[in-house]
Amino acid sequence: GIICISNRISNAFFNKINKKNIVFVPIAKLRACIYMGKENPYFNREYVELEEISNFKYVKRINDFFSIEDEFRHHSLGILEPENIKFDVTTNSEHLAMSLLMNTDIVDVGIDFDYPKHDERKIKKLPIKGGDTLLTIGYIIENGRALSEYADILVKCIKQCVQS
């Protein structure tokens, strides 16, 4: 699965995956950011300070099925202290998550990546200033196993997107 990890938590992350015979293959380094809609009071700002991120209400996305991404999600975006983040909504619905971003003050944390649909939906990304917000995006795979054809295409697409 595709995940992001922070330099701050990378040792704990690597210890955990090594025990599970999984390897992490880095693709690119990107900054973390906060995604929000026009109903959020921070919408017109240029950035958010790291100390301010605990002020937000967050949407937490989960899968309906076991996924390795969910297993390691607490390592993803490790710039955030889990005890400082309040998840007001947990959902497995991408449609609901987008609706919450567009129509409420709820936010999502992610990577600084251009999503064309966010422009048309009036969802803005704010960079996070202060602290180490650099994340490594990559994929995890069972040690010794090759990517499937489709996974290889996805990784190549991600590499192409982050380079452009």
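Below you will find a few notes about this structure. Everything numeric in this text was worked out from a predicted model, so none of it was measured. (Residues numbered from 1 in each chain as written. Predicted model: local features only at pLDDT ≥ 70, side-chain atom pairs only at ≥ 80, totals over all residues. Heavy atoms only, no water.)

1. Examining the overall build of the protein chain
Consideration 1: Scanning the protein chain for helices and strands turns up five helices and eight strands.
Consideration 2: N-terminal to C-terminal, the α/β element order of the protein chain is β-α-β-β-β-α-β-α-β-α-β-β-α.
Consideration 3: When burial is assessed residue by residue, the protein chain has 39% of its 164 residues classed as buried.
Consideration 4: Taking contacts inside the protein chain between residues at least 6 apart in sequence as the whole, the part at least 24 apart equals 83%.
Consideration 5: As displayed, the protein chain offers around 9,700 Å² of accessible surface, 51% of which is attributable to carbon and sulfur atoms. (Helix = DSSP H or I, 4+ residues; strand = E, 2+ residues; numbered from the N terminus. Buried < 20%, exposed > 50% of the residue type's maximum accessible area, 1.4 Å probe, protein only. Contact = heavy atoms within 4.5 Å. Areas by Shrake-Rupley, 256 points an atom, 1.4 Å probe, with all protein chains shown as cover.)

2. Brief notes about the packing of aromatic side chains
Each pair of aromatic rings is reported with the distance of its centres and the angle of its planes.
Consideration 1: With the rule as written, the count across this model stands at four aromatic pairs.
Consideration 2: Between the aromatic rings of Tyr 42 and Phe 56, the centroid separation amounts to 4.7 Å while the plane-to-plane angle is 65°, which identifies the pairing as edge-to-face. With Tyr 42 in the loop between strand E2 (22–36) and strand E3 (48–49) and Phe 56 in the loop between E3 and strand E4 (57–61), the pair connects residues that are 14 residues apart, well separated along the chain.
Consideration 3: Since its relative accessible area comes to 15%, Tyr 42 is described here as buried.
Consideration 4: Owing to a relative accessible area of 4%, Phe 56 belongs among the buried residues under this scheme. (Phe/Tyr/Trp six-rings, centres within 6.5 Å; stacked < 30°, edge-to-face > 60°.)

3. What about the pattern of salt bridges?
Consideration 1: Following the criterion strictly, the structure yields five salt bridges and no others.
Consideration 2: When the shortest N-O distance is used, the salt bridge between Asp 105 and Lys 57 registers 3.1 Å. Of this pair, Asp 105 sits in the loop between helix H3 (94–103) and strand E6 (108–111) while Lys 57 sits in strand E4, and the two are 48 residues apart along the sequence.
Consideration 3: Take Asp 105: its relative accessible area is 27%, and that puts it in the partly exposed class.
Consideration 4: In this structure Lys 57 comes out as partly exposed when scored by relative accessible area, which is 33%.
Consideration 5: The partner of Lys 156 in a salt bridge is Asp 152, and the shortest N-O contact between them spans 3.1 Å. Of the two residues, Lys 156 and Asp 152 are both situated in helix H5 (residues 149–163); the distance of four residues between them amounts to about one turn of the helix.
Consideration 6: Note on Lys 156: relative accessible area 53%, which makes it exposed. (Salt bridge = Lys/Arg side-chain N within 4 Å of Asp/Glu carboxyl O.)

4. Looking at the nonpolar core
Consideration 1: Formed by 31 residues in total, the largest nonpolar core has its most connected members in Ile 34, Met 36, Phe 56, Tyr 58 and Ile 137.
Consideration 2: At the level of elements, E2, H3, E6, strand E7 (124–129), strand E8 (134–142) and H5 are the ones that each hand at least two residues to this core.
Consideration 3: Here this core takes eight residues from E2, the largest share from any one element.
Consideration 4: Ignoring anything within four residues of it in the chain, the contact list for Phe 56 reads Ile 34, Met 36, Asn 40, Tyr 42, Val 48, Lys 86 and Val 107.
Consideration 5: Counting seven residues, the second-largest nonpolar core is a separate cluster that includes Ile 3, Phe 13, Ile 17 and Ile 22. (Core = buried A, V, L, I, M, F, W, Y, C linked by side-chain atoms within 4.5 Å.)

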